[in-house]
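# Tertiary structure, described
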Amino acid sequence: MSERRGIAATLRRGRWLVGCGAVVLAVTACGGSSSPSSSSTSSSSTPLHILLVTNVTGAGSQNGTSNVAGVKEAINEVNQAGGVLGRQLVLDVKDDGSDNTKDLPLIQSATASYKYPLVMNSDPAAASTAPYIARQSLLEICGCAAEKYAEPSAPNPTIFDTDYVGARPMDAAAQYAQSKGYTRVAVMVQQGEFGDADLQALKPLISSTGGTITDSESLSFTGVDFTSAIARSRASHPQALLTDIFGAGDAHLRTEIHDSGWNIPIISGSNDAATALKGLVPLADLKGQVVVGPRSMAYPSEPAAQTFIDNLQKAGVNVTSYLYGYGGDHDGVTLFAWAANQTHSLDATTIANKLHSSGDVAVPGLVEGTTTGYSATSGEWNAASGLALMEAGYYNLGRLKLIKSVSAPTLPAGM
Amino acid sequence: MELGGAVVSGIAIGSVYALIALGFSFIYRTTGSFNFAQGQIVTFGSLISYSLYVSAGVPALAAIVIVAIAAGALGAIVERVAIWPLASRGDDTLTWLISTLGVAVLITGFAERVWGTIPLGVPNYVGPNVIHLGGQINLATPYLIGIGSVLVAAAAIEVSQRFTIWGKAMRATADNRQAVALAGVNVIRLGVVSFAIGGALAGIAGFVLAPITFADSTAGMSFAVLAFAALAIGGFASHWGAIFGGWLVGITESIGGTYAGLQYQDIFVFGVLIVILLIRPEGLTGSRNVRLV
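Throughout, a residue's number is its position along its own chain's written sequence, starting from 1. Lettering of chains starts at A and numbering of ligands starts at 1, both following the order in which they are written. Thresholds applied to this predicted model are a pLDDT of at least 70 for local features of residues and 80 or more for the giving and counting of side-chain atom pairs; totals over whole chains, interfaces and linings are not thresholded and use all residues.

### Quick look at the overall build of chain A
Going along the chain from the N terminus, every DSSP run of H or I of four or more residues is numbered as a helix, and every run of E of two or more is numbered as a strand. Within chain A one finds 12 helices and 13 strands. By definition, residue pairs are in contact when their C-beta atoms, positioned from the backbone, come within 7 Å. Here the contacts in chain A between residues at least 6 apart in sequence split such that 68% fall between residues at least 24 apart.

### Concerning the nonpolar core
Counting residues in each nonpolar core, the largest one holds 101 residues, and the members touching the most others are Tyr17(B), Ile20(B), Ala227(B) and Ala230(B). Among the elements that line this core, the one with the most residues is helix H8 (residues 187–213) of chain B, at 16 residues. Setting aside residues up to four positions removed in sequence, Ala227(B) forms contacts with Tyr17(B), Ile20(B), Ala21(B), Phe24(B) and Gly246(B). With 49 residues, the next largest nonpolar core counts Ile50(A), Val53(A), Val84(A) and Phe160(A) among its residues. Linking buried Ala, Val, Leu, Ile, Met, Phe, Trp, Tyr and Cys residues through C-beta atoms within 7 Å yields a set, and such a set is a nonpolar core. Neighbour counting defines burial: a residue surrounded by 20 or more other C-beta atoms within 10 Å of its own C-beta is buried, one with 12 or fewer is exposed, and intermediate counts give partly exposed, using backbone-placed C-beta atoms.

### Observations concerning the pairing of strand S8 (residues 240–244) of chain A
Residue and element names in this part refer to chain A. Across the 5 residues that make up S8, a large majority, 5, are buried. Here S8 shows a buried face lined by Ala-240, Leu-242 and Asp-244 and a second buried face lined by Leu-241 and Thr-243. Bridge count for strand S6 (residues 184–190) against S8 is 5 bridges, and the pairing is parallel. Residue pairing in the sheet places Val-187 in a bridge with Leu-242 of S8. Strands are labelled as partners when DSSP assigns at least two bridges between them. Here S8 pairs with strand S9 (residues 266–268) via 3 bridges, running parallel. Looking across to S9, one finds that Leu-241 is bridged to Ile-266.

### Considering the environment of Gly70(A)
All names here are of chain A. Considering the arrangement of structural elements, one finds Gly-70 in helix H2 (residues 61–80). The class for Gly-70 is buried, based on 28 C-beta atoms found within 10 Å. With 24 residues separating them along the chain, Gly-70 and Thr-46 place their C-alpha atoms 23 Å apart. Residue contacts for Gly-70: discarding those within four places in its chain leaves Tyr-326, Gly-327, Asp-329 and His-330.

### Thoughts on the pairing of S6(A)
Residues and elements named next belong to chain A. With 6 of 7 residues buried, S6 lies mostly within the body of the structure. Relative to strand S7 (residues 212–219), S6 runs parallel, the two sharing 7 bridges. Counted as the bridge partner of Val-185 is Ile-213 from S7. Regarding the hand of the β-α-β motif, the stretch spanning S6, helix H6 (residues 193–208) and S7 is right-handed. Looking down the strands as they point away from you, a crossover is right-handed if its path from the first strand over the helix to the second goes clockwise.

### Some details on helix H1 (residues 2–31) of chain B
Residues and elements named next belong to chain B. With 30 residues, H1 should reach 44 Å at 1.5 Å per residue; the first-to-last C-alpha distance of 42 Å fits that figure. A residue's bend is the angle separating two fitted axes: one through the seven residues that end there, the other through the seven that start there. A maximum bend of about 25 degrees is found in H1 at Ser-15. The element H1 is extensively covered by neighbouring structure, given that 23 of its 30 residues are classed as buried. Phi for Gly-32, located one or two positions after H1, is positive at around 75 degrees. Residue count minus one, scaled by 1.5 Å, sets the expected span of a helix.

### Some points on the confidence of the model for chain B
Atomic detail in the predicted coordinates should be set aside for any region of low pLDDT. All names here are of chain B. Of all residues in chain B, 97% have pLDDT values of 70 or greater, and the mean over the chain is 88. Element-level pLDDT for chain B is lowest in helix H6 (residues 165–175), with a mean of 83, against a maximum mean of 95 in helix H2 (residues 38–55). Interface predicted TM-score (ipTM) for the complex: 0.80; the corresponding pTM is 0.73. A residue's pLDDT is simply how confident the predictor is in it, with values from 0 to 100.

### Considering H6(B)
Residue and element names in this part refer to chain B. Of the residues making up H6, those classed as buried are Ala-169, Met-170, Thr-173 and Ala-174. Down the axis of H6, the buried side of the element spans an arc of 140 degrees, and every buried residue falls inside it. Projecting away from the buried face of H6 at angles above 90 degrees are the exposed residues Ile-165 and Asp-175. Each C-beta atom gives one direction from the helix axis, and the arc is the one those directions make.

### Some remarks on unusual backbone geometry
Peptide bonds are trans in most cases, and residues, glycine excluded, mostly fall at negative phi. All names here are of chain A. Here the phi dihedral of Ser-137 falls at roughly 55 degrees; this positive angle occurs in a residue that is not glycine. Along the chain, Ser-137 turns up in the loop between helix H4 (126–135) and strand S4 (140–142). Here Ser-137 falls in the exposed class, since 12 other C-beta atoms lie within 10 Å of it. Of note in this structure, His-237 is not a glycine but carries a positive phi near 55 degrees. Mapping His-237 onto the fold places it in the loop between helix H7 (227–235) and S8.

### Here's the deal with the interface of chain B and chain A
On the side of chain A, 25 residues touch chain B, which itself brings 26 residues to the contact. Ranked by the residues each element gives to the side of chain B that touches chain A, the list is headed by H1(B), at 5 residues. The nonpolar class holds Ala, Val, Leu, Ile, Met, Phe, Trp, Tyr, Cys and Pro. Asp, Glu, Lys and Arg form the charged class, and all remaining residues, Gly among them, are polar. When its residues are assigned to classes, the side of chain B that touches chain A shows 10 nonpolar, 14 polar and 2 charged.

### Some thoughts on the packing of H2(B) against helix H9 (residues 220–234) of chain B
Residue and element names in this part refer to chain B. Lines fitted to C-alpha atoms define the axes here, with helix axes fitted over just the stretch in contact, and angles between the N-to-C directions of these axes take values from 0 to 180 degrees. Following both chains from N to C, one finds H2 and H9 inclined at 130 degrees, their axes separated by 7 Å at the closest point. Comparing the axis directions of H2 and H9 gives the class oblique. The crossing of H2 and H9 is right-handed. Between H2 and H9, the residues in contact are Gln-38, Gly-39, Gln-40, Val-42 and Thr-43 and Gly-220, Met-221, Phe-223 and Ala-224, respectively. Classifying every residue of the contact of H2 with H9 by side-chain character gives 4 nonpolar, 5 polar and no charged. Under this scheme an angle from 65 to 115 degrees is roughly perpendicular, one under 35 degrees roughly parallel, and one over 145 degrees roughly antiparallel; angles in between are oblique. Should the near helix be turned counterclockwise from the far one by less than a right angle, the crossing is left-handed, whereas a clockwise turn marks it as right-handed.

Following this line, the structure appears as structure tokens:
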């Protein structure tokens, strides 16, 4: 009897232990699924997570959804080419709901549970997250357009911006104008801080080389009638016109200049893009005009940029916004994968040093440019058939290292 | 030459403001309210023009008719959604101001969903892009449609108000809505019709603008603001006020842009508005209210 009682007690204890074990296993499993394991401790067979914090919902959702689509396309390309150090990339997206103040806490909580080898976040929030990312020695390469916030004394060496923003492309446009021997230039920029930044950068640059700004105009990008500005600029007898207007206003301006019969070389360091002009301005009207910027600005699209659009559409993305929004973050992933594979490391500083020291190396798969771009060699497209393009190259947040020189596309005869 | 060019440009863009202001005026005089979704109906007109003329290849003449009908229908829907529910329960407050603005937001969201946010190119409807009027004075040909539409609309309104029962009823409603209702006229239906006509005029403005500023789902509101200023300057009491106000705003804007710079042209327009409102609060064509004591 006592023996049977002892057996029963042993069985009960066994069931209890099995139950405890099951609970422990379940908890462990749940924990594993809620947070990816650290990148530094994982084997080559485990996927490698990268983080994108952006505005998937809310007022800025068009920006965020294009970011996500661009990054997904880049991840597909990287994974098909073998991944990063043999590991497949996986995207973790955190939605800030278009509230930029949420980006920092979202990044903090995400990076607390996983050491992401690459962090990207939304354009307007980049300034607020940069100090944390730099302090934590995280790597960020994104189209975050944050250079206006950069402090030269604190260059944030692990943060890279793939976008072309602010006055820097206009610097390159002015250099190009000088390289063509245009000493008298008129300037048309957008009303507001971007246009002001352009003018602040251009005035000393042009005057320091003996050039003259014959007329400057600030135009509303929603403006309807630019004829008076065109007439004033024309009356100042410039040799070339430098412009930086966003979107439809740019197309509208170019159309009015063409219709006015003013045959002037137009050189733009603008953030407008092929997708901003495509369908708005006939190709023939753009002959002799040059844009300094990424490949997505070539019109018609440069082949690599067009392939990128085609791939996005094949993936079910309705490309309704400027290609610019997709390309910056795409190239962030591409550059990360290239540098990590080159250095056989996921360490942020090692990868950053590779990017800093790489000079002007061609990186396969980039869509906005062709190279890491620090020495700013240029590509040229469509010079003969439409809007020509110079590639200004990438620059590091806080440092204007890349726009050192520009090569000059050949303008059509008579320009 | 500069002044001549500025005046031509001013009349051209002023005609677009006048079309939108005519819609504001028509609706106000019939219902005592404003349709603050007029700007979005302008946008809708541009986008429909793109779909018809570019995507579907509909001829321009047929396209403008369809645009006017579609925009008119949208105007009527605005009345049904934003005005009628309030009017039917006797709400005589300014709630319609918020409700029409709410519909404006809805239309913008709808347009962004359907057509996206990238501006869409619409080629010129007929002839060369511009007509050279001598010197460096050019006129974009779509504006000719705008100028013609304003003149036709003004004539049609004048004739209908003098010779048709509907026109007379609308004119009478502007003077005394309650008396007209007591006389057996369905003033609610008049309200729907006036919103539809206002919408059609805004849609035509959108059709005119599409080749010039492109079809852009976010562009309409700035035109509506200037059109409203035009109406305030010209006077709310007659359609001629809307037309003169539109031209005056266009010319002022253009002269300001020519002689002071484009960044200052709005200051000129709203400066003129303030001065006129100080001198003639009823607008240039409005009649002074004289109260005998």
